[in-house]
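Structural characterization, general
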Amino acid sequence: MKTTLDIHDELLARAKRHARETGRPLRAVVEEGLRRVLARPVPRSRYKLPDLRAGDPAAPDPLERFSWPELRETIYDDPGGDPGAR
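Conventions and cut-offs
Residues numbered from 1 in each chain as written. Predicted model: local features only at pLDDT ≥ 70, side-chain atom pairs only at ≥ 80, totals over all residues. Heavy atoms only, no water. Salt bridge = Lys/Arg side-chain N within 4 Å of Asp/Glu carboxyl O. Helix = DSSP H or I, 4+ residues; strand = E, 2+ residues; numbered from the N terminus. Buried < 20%, exposed > 50% of the residue type's maximum accessible area, 1.4 Å probe, protein only.

Where charged atoms from two side chains of opposite charge approach closely, those side chains can pair. Applying the stated criterion across every chain yields a total of four salt bridges. Residue Arg36 pairs with Glu32 through a salt bridge whose shortest N-O separation is 2.6 Å. With Arg36 and Glu32 both in helix α2 (residues 26–39), this residue pair falls four residues apart, about one helical turn. By relative accessible area, which is 56% here, Arg36 ends up exposed. Overall, Glu32 belongs to the partly exposed group, its relative accessible area being 24%. Here the salt bridges share partners, and the residues they tie into one network are Arg24, Glu32 and Arg36.

Dropping the structure here:
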């Protein structure tokens, strides 16, 4: 397949020189370079959650005294709402 690429002049000159020195066509040199780059595993950086804590980190956890059912009830409690609407 034919395509047009815009390559920096110095890089193209080096690629042509390399092709000439190795006795290969420029196309083969470019294809080899692409194959090498595309064969490398892509480094994946892990996402780090931003620190959005509020208050004094040394203070006791105010939620520690509650059990999970108590917390769930507090979170989902809707005192004025329709209990059947959940």
